[in-house]
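# Coordinate inspection notes
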Amino acid sequence: MNAGDRLAHYEIVRPIGAGGMGEVFLARDTRLDRDVALKLLPTDFAADAERLARFRREAKLLAALSHQNIAGIHGLEEDAGRIFLAMELAAGETLAAVADRGAQPLEEVLRIGVQMAAGLEAAHDKGIVHRDLKPANVKLAPDGEVKILDFGLARAYAGEEVAGGDPGASPTLTAAMTADGMILGTAAYMSPEQARGHEVDGRTDVWAFGVIVYELLSGRRLFHGETVSDTLAHVLRSEPDWEALPTDLPPSVRRLLRRCLQKDRKRRLHHMADARIVLEEILSEGTSAHEALETGALPAARRGGGARWAWTVAVICALVAGTSAWLALRRPAPAPERPLHAEITLPEGAWLSSGRHSISVSPDGARFAVATVSVASGALYVRDLAATGFRRLPGTDDAETPSFSPDGRWLAFMQDGVMRKTKIDGGQPVDICKSDWGGGVWLSDGSIVFTSSYAGGLAVIGPDATEPRQLTTPDAAAGELGHWWPDVLPGGKWVTYTAWASPKPRLMALNLASGETHEILRDATYARWVPTGHLVFVRENQLMAVPFDPDAVATTGQPVPVLDDIYLNSSDGYSFLDFSDEGTLVYAPASEINVPSRIAWIERDGTAVPIDLPERLYEGPRVDASGRRVAVTIHDGTNRDIWLCDLERGTSTRFTFTETADFNPVWTPDGRTIIYNHEQPQFAIWSRPADGSAAPKPLLQEPIDTLPSSVSPDGRWLVHTRAYPETGSDIWLLPLDGEGEARPLVATPFSEVKGQVSPDGRWLAYVSNESGRNEVYVVGFPDGGSRVQVSIEGGSDPVWNAGGSELLFRDGGQINRVEVGAEARPNGEISVGRPEKLFSRAYDFSYYNSAFSVPDAGGRLLMIDVAKDRKSRRLQIVTGWFTELTAKLAEAE
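Since the structure is predicted, the reported quantities are computational estimates derived from the model, not experimental observations.

Applying the stated criterion to the full structure yields 38 salt bridges. As a salt-bridge pair, R34 and D29 come within 3.5 Å of each other at their nearest N and O atoms. Judged by relative accessible area, R34 falls into the partly exposed class, the value being 29%. Relative accessible area serves as the criterion here: at 2%, D29 is assigned to the buried category. Close ionic contact of D132 with K134 constitutes a salt bridge, the shortest N to O distance being 3.6 Å. Grouping residues by exposure puts D132 and K134 together as buried. Among the charged side chains, a salt-bridge network with shared partners connects R604, E806, R817, E819 and E836.

Taken across its five residues, strand β53 (residues 796-800) has five buried, putting it largely inside the fold. Bridge count for β53 against strand β54 (residues 806-811) is three bridges, and the pairing is antiparallel. Note on β54: the bridge partner recorded for W800 is L807. Between β53 and β54, which pair antiparallel and follow one another directly, the connecting turn spans five residues, one of which, G804, has a positive phi of 75°.

Below, the discussion takes up the confidence of the model for the chain. Summing up the model confidence of the chain, the mean pLDDT is 83 and the portion of residues at 70 or higher is 85%. The model gives residues 157-185 a pLDDT under 50, and that stretch makes 72 contacts with residues more than four places away or in other chains. Low pLDDT, under 50, characterises residues 287-337; the predicted model gives this stretch 104 contacts beyond four residues in sequence or across chains.

Okay, the side chain of H678 next. With respect to the element layout, H678 can be found in strand β42 (residues 673-679). A residue is classified by how much of its surface remains accessible, and H678, at 10% relative accessible area, is buried. One polar contact links H678 to D662, side chain to side chain, over a distance of 2.7 Å. If near-sequence neighbours (up to four positions away) are discounted, H678 is found in contact with T658, T660, A661, D662, F683, A684 and W686.

Now for the side chain of K139. Along the polypeptide, K139 turns up in strand β8 (residues 138-140). For K139, the contacting residues outside a window of four places in its chain are A90, A91, G92, E93, T94, E145, V146, K147 and L149.

This next bit is on the packing of aromatic side chains. All told, the structure shown has 20 aromatic pairs when counted by the stated rule. Note on F655 and Y676: the rings are 6.2 Å apart at their centroids and 80° apart in plane angle, and the pair reads as edge-to-face. With F655 in the loop between β40 (651-654) and β41 (662-667) and Y676 in strand β42, this residue pair connects regions lying 21 residues apart in the sequence. Of the aromatic side chains, those joined through ring pairs into one cluster are W484, W485, W500, Y526, Y567, Y574 and F576. Over the ring of F390 we find R383; its NZ or CZ atom is 5.1 Å from the centre of that ring.

In this structure, L95, M116, L133, F151, F209, L216 and L217 are the most contacted members of the largest nonpolar core, which totals 56 residues. Per-element accounting of this core gives the leading share, ten residues, to helix α6 (residues 202-218). Residues I344, L481, L563 and V586 belong to the second largest nonpolar core, which totals 52 residues.

Once that is clear, we can look at the packing of helix α3 (residues 106-125) against α6. It is at 10 Å that the axes of α3 and α6 come closest, and there the two elements cross at 170°. By the angle between their axes, α3 is roughly antiparallel relative to α6. Across the interface between the two elements, L106, V109, I112, G113, M116, A117, L120 and H124 of α3 pack against G202, D205, F209, I212, V213, L216 and L217 of α6. When grouped by side-chain class, the residues that make up the contact of α3 with α6 number eleven nonpolar, three polar and one charged.

Within the open sheet, the four strands sit side by side as β16-β17-β18-β19. Their pairing is antiparallel. Each edge of the open sheet is held by one strand with a lone partner, namely β16 (400-404) and β19 (430-434). Strand after strand, the sheet turns through a mean of 25° between neighbouring axes, direction not considered. Relative to strand β18 (residues 418-423), strand β17 (residues 410-415) runs antiparallel, the two sharing six bridges. Looking at the pairing, Q415 lines up with V418 of β18.

Calculation criteria
- Residues numbered from 1 in each chain as written.
- Predicted model: local features only at pLDDT ≥ 70, side-chain atom pairs only at ≥ 80, totals over all residues.
- Heavy atoms only, no water.
- Salt bridge = Lys/Arg side-chain N within 4 Å of Asp/Glu carboxyl O.
- Buried < 20%, exposed > 50% of the residue type's maximum accessible area, 1.4 Å probe, protein only.
- Helix = DSSP H or I, 4+ residues; strand = E, 2+ residues; numbered from the N terminus.
- Pairing = 2+ DSSP bridges.
- pLDDT = per-residue confidence, 0-100.
- Contact = heavy atoms within 4.5 Å.
- Polar contact = N/O pair within 3.5 Å; in protein donor to acceptor, adjacent residues only side chain to side chain.
- Phe/Tyr/Trp six-rings, centres within 6.5 Å; stacked < 30°, edge-to-face > 60°.
- Lys NZ or Arg CZ within 6 Å of the ring centre and 35° of its normal.
- Core = buried A, V, L, I, M, F, W, Y, C linked by side-chain atoms within 4.5 Å.
- Axes fitted to C-alpha atoms, helices over the stretch in contact; angles between N-to-C directions.
- Parallel < 35°, antiparallel > 145°, perpendicular 65-115°, else oblique.
- Nonpolar A, V, L, I, M, F, W, Y, C, P; charged D, E, K, R; others polar.

Structure representation (structure tokens):
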């Protein structure tokens, strides 16, 4: 093949390699406009129908292997009689080129080794063995990312090995040899069993991995000879020259290499996960700290009480995974005898999502997941406690409520009105079912018990089902709004959940087989079973524990506090904490979440102009038509009330005084009345004169949540959202003159929220997830009709400027503007321009209404401004927490 030649829709650029399985070319995919590697198989390959069918089967399996450290297969193609593979083009140089430069620094080898081990681990978990792992099949990109090439192609090309150790089945091995049909490995990197023609498994790759790491550290070949036979003889009979390794090499690395290079595979390291854990520990801790842990010594900086250790992640790694992880053979590590407290910081530019529960710990305690937000967009991140950083999971933008499966391989989460799940080791999420609320627990059979909507009961969906089955229905007559935050009890027959009834929620139990329910405890929420024989739950800002008999499904004692500074969302009943089956606790303290903020004017270039008001826990500011007064919700840590702030005088006056939450203020156009939410436990709509001259009065009380969002300019209509369990959120109109009944304006099977009437009263901007993500739309007001999508790549929180000439909305932390035409087009649609970015910055936004106000045309925005360095980024980790919990309970007796 020459430059410019074409195979199917691929254009050849230049050759980049050749080997026993054919030639490799750099090519351009003209359909998707990307560079790929084309591996052309030998010309007589297609003549062997059985072999070609086997290759297709194997290649299909390999194409399903998705991992960041493995170069993937795009497709198996045929054109003009040529069979070829289209593969991911890996950048950088091979490890063969790296090794040719001599011994490499320890830290660099550790980083390479961790990534190689992670890729091999992911493949072995799927039953795929490389069989031809060698430096030439591993690429190192300029940014340090490792890609393993040709994964499993040896087997796909040649088929199963001959069992029984027949020397005649020993393959032709060197990269220079192109004999058809025998390429199963390369002599210098073959395991002894592979060289003898025996069947192979993942331990063959463990051997090759050990050889590569040895060579990178020593700068010399481990097994070599003048001929292939001489090299194989060394593999079968010679021992590695351990003296060739650097003299200052940590003993733990030497022991790992010895485990990898055992000729008897029964004595060899069995799993690549164990090698990865050891290397990650050494890399994260530093070699001196790692060796100290192995000998049982503790650095002086860790002795004594109260100090926050700089050395936190490393210690957690050691206690959770164990520095001798290969001996554990991937069994969960037991809880340490002495609990350890540490702190982990989220990735730069990301902070904890305040939407529902945001933390989930894997059952074995090896990792945790966290839902984050950022200036750009939020995502789910996973942190292995034996690693040094977080991994962002693809396809999880703005996801919430993560929940690990029992085997720790999957995460379920809620995103854009759908519950989805994704594999921890890579791949794109898959849909489970519709869910506008989220929060669930996996059962042992792969089913998930969850709450599908804010005002709904519990439902369950099986691993192969497409529609959930309803389990409970909230009792509106008893004041129940919803059934939330389920957790499964030992045996899997009962599930606990919170029956939300403000201000005193009830902890309930549900029998999954019979449907029986009964009350466990009052004034309790977010309960979790602990193997110490207790239920823990949140009350105010404390984690409480109560003795509990899971067989009788009843408490056997009185609750006692076990942990302070615990966050509790006073309206939704969730906290930010989770723990594993073996006692690793991860949580975000209330003091980290409840960070005081400021009300500020934000100029069109993103510059903040603070307003002379004290820092408080502000939410959802709404400025009146004059631009002088702001109605804002202030959170005192346990409850929320509405305050009125005079921007000219710098004064703040409390406006509501109830024991339950009052929030989400909306001004009437004349500035005389404030309409807001009062929780009872449903979000009812109340009103009160802005000057406080009369007592509050209810406007709308339904057995579901109702949220006001705007009032029409003529004062006639209140636009509000109703949260229905069956259809999600819909936008309704309530006549404020008392004439007529409330009626729906935008009601579909999807969720529509945050309706804002234009200043001329002709249009309504709102948010819908009908496209699979939140987008901003405009529809005719007050009778609907033609509508147009305003945002293009996601949007929320639409706000009109005072003149109605533009519509502003947010997308994550980015504020955008769209020019809006005064007149409708001939087809009845409003004329809108293309969105333009104004600025991006960190600020607080509300789930109930828009995050900002725009009091005048083309002017600045009023927002809740939060400095980036004060956003919630720190998580607390406690290993051996069950031990600590038991001690605290003993003290309380």
